[in-house]
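Residues per chain are reported as follows:
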Amino acid sequence: MGTVHARSLDPLPMNGPDFGSPDDADLVEVEPQKKQEILENKDVVVQRVHFEGLGRTKDDLVAHEIGQVFKAKNLIEVMRKSHEAREKLLRLGVFRNVEVLIDTCEGEDAVPNGLDVTFEVTELRRVTGSYNTMVGNNEGSMVLGLKLPNLFGRAEKMTFQFSYGTKETSYGLSFFKPQVGNFERNFSVNLYKVTGQFPWSSLRETDRGVSAEINFPIWKTSHTLKWEGVWRELGCLARTASFTIREESGHTLKSSLSHSMVIDSRNASILPKSGALLKINQELAGYTGGDVSFLKEDFELQLNRQLTWDSVLSTSLWGGMLVPIGDRPSSIADRFYLGGPTSVRGFSMYSIGPQSEGDYLGGEAYWAGGVHLYTPLPFRPGRGGFGDLFRTHFFLNAGNLCNLNYGKFCLSSVCNIFNSSFFYIRSNSKKNNLLLLSLGEGPGAHLRRLAECIRWSYGAGLVLRLGNIARLELNYCIPMGVQSGDRICDGVQFGAGIRFL
């Protein structure tokens, strides 16, 4: 009797990638028996699929994941589709282990070319705990978690998580519910409290909030619709905080609706060699309650192309704009920040743009772009092993961040009209001069302001890929276009994180 064994995998992580390469898991051991060799060259029929080890998991959940196995027409295709089904089952976060056995059929109803496929599964315990470390943008944290997987038998998950980091401490309780048969379509609810320190602004922020979001794919795009209500408490981190930061201190209530779209064709999330990434985010605050009102748009674009000698050319472009709604100015907690080892290198963390007495206030509009060349290490030490995790890095970064005058319709301050941006004179040779009231600066003025005083830098260094989790950079940076008030990091700069310009 011929039998095919698929080698066991560890369960795939639910919230991000893990160390190591998944390619090692694609090996399938085949027992070279005579009957099996005949079946490899013949059409086969998958007559039955069995599950062993199911407890609280519902049948309809696993039935959707193994449906493609019945469509296989030969033994090699059965093996491939069984392995794909196994990966889908592991992705559900329901099973600790899944093994596949492919055997010839026996019994009175067995056909000569019939096969039985058996999935031997081991369910996760009802309560599991975890301890790990997490790398953010130039900060690290320790994460403790308590999880109730497969809560109602259809891959639902309840999670409590505590995170303690160098700049941030958070508590969170979340419930996750995927759609049966379509894991990418899911719903989640989150309750959280986050306390963060932002030394570049002498600011401490505590957020207490609730959010609900729906994730769903459309063609080759992934979409997220989210509502968030958050009570924010801002305070001074040091006694030397500027007066502007003290004015920002206090309590605000934000209620916002947001949408994000992602198109990702990269072959890897960390140091990809090919493919492209496009992220577009929109957030509208104030129309569902709260005392903060704005419209916020931002995007991220990345293109990667593999060159000769295993080199990769990567280009990226970020940009965003925040438009306050109503008379109230934008909050320091909602603005954009730029600069540091993960964005415009050669500048200190978030130290580009408007500042007051050394405290950086962020901006309402920004852009940043980069060109990078990644090459193997000289002479390829450790090739085929640990040395492949390192790359040499040559870069050119540029960007700018500023506040924009969007204006508002108000004619009460006529006495100051000649000193404001609400008044201008247009004239030409054929018409009389026209006095026009402008509602703030136009798009052309905004673009000109973003094109002024561009900060840029260039340099070279080393990059270390930490699996598919994060990357570390050690670069020698030469900042250029430095403006008054900017803080630079001229020379060696270290960076760690997931999202890099």
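Check the entry above for the structure.
Residues numbered from 1 in each chain as written. Predicted model: local features only at pLDDT ≥ 70, side-chain atom pairs only at ≥ 80, totals over all residues. Heavy atoms only, no water.

### A short note on the side chain of Ser343
Piece 1. Along the chain, Ser343 turns up in the loop between strand S16 (312-324) and strand S17 (355-356).
Piece 2. Judged by its relative accessible area of 4%, Ser343 falls in the buried class. (Helix = DSSP H or I, 4+ residues; strand = E, 2+ residues; numbered from the N terminus. Buried < 20%, exposed > 50% of the residue type's maximum accessible area, 1.4 Å probe, protein only.)

### Section: the packing of aromatic side chains
Piece 1. The full count for this structure, using the stated rule, is nine aromatic pairs.
Piece 2. Consider the rings of Phe51 and Phe119, whose centres lie 5.2 Å apart with planes at 15°: the pair is stacked. One end of the pair, Phe51, is in strand S3 (residues 45-52); the other, Phe119, is in strand S5 (residues 114-123), and 68 residues separate them in sequence.
Piece 3. Residue classification places Phe51 among the partly exposed positions, given a relative accessible area of 23%.
Piece 4. Judged by its relative accessible area of 0%, Phe119 is buried.
Piece 5. Members of the aromatic cluster, joined through ring pairs, are Phe198, Trp200, Tyr337 and Tyr350.
Piece 6. Taking NZ or CZ as reference, Arg471 lies 4.4 Å from the ring centre of Phe500, over its face. (Phe/Tyr/Trp six-rings, centres within 6.5 Å; stacked < 30°, edge-to-face > 60°. Lys NZ or Arg CZ within 6 Å of the ring centre and 35° of its normal.)

### Let's talk about the pattern of salt bridges
Piece 1. Across all of its chains, the model carries 18 salt bridges by this definition.
Piece 2. Linking Glu123 and Arg56 is a salt bridge whose minimum nitrogen-to-oxygen distance equals 3.8 Å. You can see Glu123 sitting in strand S5 and its partner Arg56 sitting in the loop between S3 and helix H2 (59-65), a full 67 residues away along the chain. This pair shows no difference in class: Glu123 is buried, exactly as Arg56 is.
Piece 3. Of the charged contacts, one joins Arg499 and Glu300 as a salt bridge, the two residues approaching to 2.9 Å between their closest N and O atoms. (Salt bridge = Lys/Arg side-chain N within 4 Å of Asp/Glu carboxyl O.)

### Description of the side chain of His372
Piece 1. With respect to the secondary-structure elements, His372 resides in strand S19 (residues 365-375).
Piece 2. For His372, a relative accessible area of 1% translates into the label buried.
Piece 3. Here His393 takes part through its side chain, which lies 2.8 Å from a polar atom of the side chain of His372.
Piece 4. Discounting chain neighbours no more than four positions away, the residues touching His372 are Val312, Leu313, Ser314, Ser316, Arg345, His393, Phe394, Phe395, Asn397 and Leu501. (Polar contact = N/O pair within 3.5 Å; in protein donor to acceptor, adjacent residues only side chain to side chain. Contact = heavy atoms within 4.5 Å.)

### Description of unusual backbone geometry
Phi is mostly negative for residues that are not glycine, and the peptide bonds are mostly trans.
Piece 1. One non-glycine residue with positive phi stands out, namely Asp310, at about 60°.
Piece 2. When you line up the elements, Asp310 lands in the loop between strand S15 (294-306) and S16.
Piece 3. Even without being a glycine, Cys453 presents a positive backbone phi close to 55°.
Piece 4. Turning to its location among the elements, Cys453 is positioned in the loop between helix H5 (443-451) and strand S23 (455-466).

Don't take any of this as a statement about function, it's just geometry.
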